[in-house]
Amino acid sequence: MQGKRSMIFISIFALMIITIISGCSMPGGGKRPSIPQIEMVVENTLPTKRTNEFVVLKISDIKEIAKDFSQNTFMVLQADSNQEIPCQLDDTNNDGIGDEIVMVMDIEPKEKKRITIRYSPESPENRAVTLGHKKRTRSAIHPEYEGISWESELIGYRLYPDQRNSISILGKQKMGLSLDKFASNPATSSTKLVLDGEDNIGCGGFGLWDDGKLIKPNPDTPRYTRVVADGPVRSIAQVIYDKWIFGDKSLRVTATYSIFAGQIWSTGNIKIKGSNMPVKIATGLAKSKQGSLTKNEKNGLFYTYGKQSRFNDDLGMALIYPTDSFDSFNEDDNSYLAVLNPGSDNEISYWFLSSYGNGETGVKNSGEFSELVKSTVDNLKNPITVTIMPIKKEGEK
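Residues numbered from 1 in each chain as written. Predicted model: local features only at pLDDT ≥ 70, side-chain atom pairs only at ≥ 80, totals over all residues. Heavy atoms only, no water.

**Points about the sheet that holds strand 7 (residues 137–142)**
- Strand order in the open sheet made by the 5 strands is 7-8-9-10-11, with antiparallel pairing throughout. One side of each edge strand has no neighbouring strand; the edge strands of this open sheet are strand 7 and strand 11 (191–195). Each strand axis lies, on average, 25° off the axis of its neighbour in the sheet, ignoring direction.
- One ladder, built from 4 bridges, connects strand 8 (residues 147–152) with strand 9 (residues 155–159); its direction is antiparallel. Its bridge partner being in strand 9, I148 is matched across the sheet by L159. (Pairing = 2+ DSSP bridges. Helix = DSSP H or I, 4+ residues; strand = E, 2+ residues; numbered from the N terminus. Axes fitted to C-alpha atoms, helices over the stretch in contact; angles between N-to-C directions.)

**A word on the sheet that holds strand 24 (residues 347–356)**
- Read from one edge of the open sheet, 8 strands run 14-15-16-17-24-21-20-19, paired in antiparallel fashion. In the strand order of this sheet, the two ends are held by strand 14 (223–230) and strand 19 (291–296), each with one partner. Strand-to-strand twist in this sheet, taken as the mean axis angle between neighbours without regard to direction, amounts to 15°.
- Summarising the sheet, strand 15 (residues 234–246) and strand 16 (residues 249–260) pair through 11 bridges and their orientation is antiparallel. Looking across to strand 16, one finds that I240 is bridged to T254.

**Structural notes on the side chain of Q71**
- Note on placement: Q71 falls in the loop between helix 3 (59–65) and strand 3 (74–78).
- With a relative accessible area of 17%, Q71 lands in the buried category.
- For Q71, the side chain forms a polar contact with the main-chain nitrogen of G98, separated by 3.1 Å.
- In this structure, Q71 is in contact with I59, L89, I97 and G98, ignoring residues within four places of it in sequence. (Buried < 20%, exposed > 50% of the residue type's maximum accessible area, 1.4 Å probe, protein only. Polar contact = N/O pair within 3.5 Å; in protein donor to acceptor, adjacent residues only side chain to side chain. Contact = heavy atoms within 4.5 Å.)

**Points about the pairing of strand 22 (residues 326–331)**
- Pairing of strand 22 with strand 23 (residues 335–340), which is carried by 5 bridges, proceeds in the antiparallel orientation. Across the sheet, residue S328 finds its bridge partner in strand 23, namely V339.
- The antiparallel pairing of strand 22 with strand 23 creates a hairpin that spans 3 residues between the two strands.

**A closer look at helix 5 (residues 366–381)**
- Along its 16 residues, helix 5 runs 22 Å from first to last C-alpha, staying within 8% of the 22 Å computed at 1.5 Å per residue.
- Here helix 5 has its buried residues at F369, V373, T376, V377 and L380. The arc that holds the buried residues of helix 5, viewed along the axis, is 100°, so those residues lie on one side.
- Sitting at the head of helix 5, N365 places a side-chain oxygen 3.1 Å from the backbone nitrogen of G367. (Expected span 1.5 Å × (residues − 1). Arc of directions from axis to C-beta.)

**Comments concerning the packing of aromatic side chains**
- In the structure shown here, the tally under the stated rule is 18 aromatic pairs.
- Ring-pair connections join several aromatic residues into one group, and the members of that group are W150, Y157, Y257, Y350 and F352.
- Positioned above the aromatic ring of Y160 is the side chain of R158, whose terminal nitrogen or guanidinium carbon lies 4.1 Å from the ring centre.
- Across the ring face of Y160, the terminal group of R164 is positioned such that the distance to the ring centre comes to 3.5 Å. (Phe/Tyr/Trp six-rings, centres within 6.5 Å; stacked < 30°, edge-to-face > 60°. Lys NZ or Arg CZ within 6 Å of the ring centre and 35° of its normal.)

**Brief notes about the pairing of strand 12 (residues 203–210)**
- Along strand 12, 7 of the 8 residues are buried, which leaves the element largely enclosed by surrounding structure.
- Two elements, strand 12 and strand 18 (residues 281–286), share 4 bridges in a ladder whose sense is antiparallel. Pairing of G207 across the sheet is with A282, part of strand 18.
- Where strand 12 lies against strand 13 (residues 213–215), 3 bridges are found, and the strand directions are antiparallel. The residue of strand 13 that forms the bridge with W209 is L214.
- Counting the residues that bridge the hairpin from strand 12 to strand 13 gives 2 residues, and of these D211 lies at a positive phi of roughly 55°.

**Observations concerning unusual backbone geometry**
- The residue N94 is not glycine, and still its phi comes out positive at about 60°.
- By secondary structure assignment, the location of N94 is in the loop between strand 4 (87–90) and strand 5 (100–107).

Any functional reading would require information that these geometric values do not contain.
Spelled out as structure tokens, the structure:
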């Protein structure tokens, strides 16, 4: 059953229409107009190969080039081979309309890869078609483990959306999606709760920061959890804290967490409303006597490694943050913390990752984990660049 769940089946009929309709003839021998397409170039600026690298396209940017672009029926292809690229359409602001196309791909060192999006022009007759790809991410809310979770085939995370507001790590001994099985029967699952966030920060949890203290939500703070995306290449979980008491203010705090296929890192995005002044946040990692700490403020990161899992296995955790938002490094009895300044818009993003040593893909020593963190930082701070090409007029070469 799990194998069937890992696939979203394609509407073959719709794909055939997009792919071959341009070759059909009209009565009298005339040829139908070619299928509209958008061309772009994605570039890896680093001298290293990148696998399962993500690209996010804003629908608004696409429509600036192709005003008739339809979100209902489209496909993304490598231009040189016509090989389909796994992708999905996400509605990230919950208005019922897709606003981002997300895809993952491998790209060689310094490579410039040509990508084509073929689509059916927007019209009232169009019906939505889901293009199916192997499901490699998952987000779900399961009462069995007291929170909302998200995973790739390599790692999983679980958030306690209560006064603890900490993130736990679900380590995988075998690759594959496993949240549902873990929720129903953790004893037989190859996925293990290797770090329980409990009352500390966990891995990438957060709180507000005031006068040298970490402020977490009160037990009675209203909160709302939802799955924003549960797709083949990206999943997004969100928690909205309404009336989070901060001094004399009542704030609305939205925390959004996302993960991509083939990755062990997750993005945390915190947005704060209700204050005219910037509100600092603190995020970080659980402290363990068995884990050694390494800090690098110049590159915006710190990490721990050692036999710090619940099963005395090797576990590495890292926190990566934008250096221009860094305020200070702090620690208490339970956590290492980076205090961050979100800026005038009171919104900030950071990243966290983990690797479980007893898993198929987990690193096996501190040196490997150090290299993994370094390469992740390089990739995150040097994202794939995307150039959308102008639409060619009919007859142009």
